Amino acid sequence: MFAVVVTFQIKPNHVADFLPLMTRNAATSLAEEPGCHQFDVATDPARPEEVFLYELYKDAAAFEAHLASEHFKSFDAAVTDMIAAKSVKTYAKVSQ
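Engineer: If you had to explain the packing of helix α2 (residues 60-68) against helix α3 (residues 70-79) to someone new, which residues and values would you point to?
Structural biologist: Viewed as axis vectors pointing N to C, α2 and α3 meet at an angle of 60°, and their least axial separation amounts to 5 Å. Looking at the two axes, α2 sits oblique to α3. Within the contact between the two elements, α2 uses His66, Leu67 and Ala68 and α3 uses Glu70, His71, Phe72 and Lys73. Among the residues making up the contact of α2 with α3, the classes are represented as three nonpolar, two polar and two charged.

Encoded structure:
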């Protein structure tokens, strides 16, 4: 398994627009990408501008396929101006 952890800082006036796009991207990834095994979108009312993702893929190639997918490219283009900061970390070994 290959894990991806993403933390977004969303511009304050864009949180309401960002979250539906993010959850739709996660749902589409799970439904259409055989290599995507988990895609969690986490938020906390105490930090409304922060969005945390935990994604599990079969392997790094499955994650690369996700990044190349049309639905991801469309999502990425739609949210670019909504994001104040973004951190992406990957983990090549996952024990469950």
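Engineer: I'd like a rundown of α2, residues and numbers included.
Structural biologist: What α2 keeps buried is the set Ala62, Phe63 and His66. Along α2, the residues classed as buried sweep out an arc of 100° about the axis, all on the same side. In the core, the buried residues of α2 are packed alongside β1 (2-10), α1 (15-32), β2 (36-44), β3 (47-57), α3 and β4 (83-91). One side-chain oxygen at the N-terminal end of α2 lies 3.3 Å from the backbone nitrogen of alanine 61; it belongs to aspartate 59.

Engineer: Explain the environment of histidine 37 to me, and be specific about the residues and the numbers.
Structural biologist: Within the element layout of this structure, histidine 37 appears in strand β2. On a C-alpha basis, the gap between histidine 37 and lysine 11 in space is 29 Å, while along the polypeptide they are 26 residues apart. Sequence-distant contacts of histidine 37, defined by excluding residues within four places in its chain, comprise Met1, Leu30, Leu56, Tyr57 and Lys58.

Conventions adopted
Residues numbered from 1 in each chain as written. Predicted model: local features only at pLDDT ≥ 70, side-chain atom pairs only at ≥ 80, totals over all residues. Heavy atoms only, no water. Axes fitted to C-alpha atoms, helices over the stretch in contact; angles between N-to-C directions. Helix = DSSP H or I, 4+ residues; strand = E, 2+ residues; numbered from the N terminus. Parallel < 35°, antiparallel > 145°, perpendicular 65-115°, else oblique. Contact = heavy atoms within 4.5 Å. Nonpolar A, V, L, I, M, F, W, Y, C, P; charged D, E, K, R; others polar. Buried < 20%, exposed > 50% of the residue type's maximum accessible area, 1.4 Å probe, protein only. Arc of directions from axis to C-beta. Polar contact = N/O pair within 3.5 Å; in protein donor to acceptor, adjacent residues only side chain to side chain.

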